[in-house]
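# Tertiary structure, described
Here's the letter readout for the chains.
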Amino acid sequence: MAASYTVSITGFQKKSFTVKDIPAAEFIRAYAEYLKKSNKVKIPEWVEYIKLGTGKQLAPLDADWVYTRIAAVARKVYLRQNVGVVALSHFFGHKKKFGVREKHHVPVAKKIIRWSLQQLEGLGVLSKDKKSELKRLSRRVSSEGQRDMDRIADQVAKGQKI
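Residues numbered from 1 in each chain as written. Predicted model: local features only at pLDDT ≥ 70, side-chain atom pairs only at ≥ 80, totals over all residues. Heavy atoms only, no water.

### Points about the packing of helix H1 (residues 24–38) against helix H2 (residues 65–79)
- Two elements in contact, H1 and H2, have axes separated by 8 Å at closest approach and are oriented at 120°. Judged by the angle between their axes, H1 and H2 are oblique. Crossing angle aside, the handedness with which H1 passes H2 is right-handed. Contact with H1, carried on its side by Ala24, Phe27, Ile28, Tyr31, Ala32, Leu35 and Lys36, involves Tyr67, Thr68, Ile70, Ala71, Ala72, Ala74 and Arg75 of H2 and no other residues of that element.
- Residues that form the contact of H1 with H2 fall into these classes: 11 nonpolar, one polar and two charged. (Axes fitted to C-alpha atoms, helices over the stretch in contact; angles between N-to-C directions. Helix = DSSP H or I, 4+ residues; strand = E, 2+ residues; numbered from the N terminus. Parallel < 35°, antiparallel > 145°, perpendicular 65-115°, else oblique. Left-handed = near helix turned anticlockwise from the far one by under 90°. Contact = heavy atoms within 4.5 Å. Nonpolar A, V, L, I, M, F, W, Y, C, P; charged D, E, K, R; others polar.)

### Observations regarding the pairing of strand S3 (residues 94–98)
- Where S3 lies against strand S4 (residues 101–106), four bridges are found, and the strand directions are antiparallel. The partner of Phe98 across the bridge, within S4, is Arg101.
- Counting the residues in the hairpin turn of S3 and S4 gives two residues, including Gly99, whose phi is positive at 70°. (Pairing = 2+ DSSP bridges.)

### Considering the environment of Gln146
- Locating Gln146 in the fold gives a position in helix H5 (residues 143–157).
- Considering only alpha carbons, one finds Gln146 and Tyr78, 68 residues apart in sequence, at a separation of 7.5 Å.

### Concerning the side chain of Asp150
- Note that Asp150 resides in helix H5.
- Lys20 provides the closest opposite charge to the buried, salt-bridge-free Asp150, at an N-O distance of 8.8 Å.
- Residues contacting Asp150, with those up to four places away along its chain left out, are Phe17, Thr18, Val19 and Tyr78. (Buried < 20%, exposed > 50% of the residue type's maximum accessible area, 1.4 Å probe, protein only. Lys, Arg positive; Asp, Glu negative; His and termini not counted. Salt bridge = Lys/Arg side-chain N within 4 Å of Asp/Glu carboxyl O.)

Set out below in structure tokens:
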């Protein structure tokens, strides 16, 4: 199912791949599977009763949507360091329908984003950035988290099982 990627720049073939080198959907699916298999994420009871935002009418249909959201948050923080809960809720936002009027962009529920960041911090993938004066206590990927995410991206790019 996963395609094998080879990047060639003037005869040089890439030996390892990072998260930036592969499509988002494939990495998120693989990282969500990794999180589910590792059993390190404790799913709270309130997950089955919520929807992802005020603009949504129904709850997610996928039973493992929590792992997918955590993987998507981890990828977004990897690509854009020093990001907080409000910015992530805007990134994952969607259009809300207002009947016959125009649709407007609304952010997703911040509780899910905050909880995902806390879970990733507990796993050691993310850490709070205390050095940045402009964005105090924003999140960034730790060296251990970057190593794990790059390893999974490399396995996806080479078509290996995780």
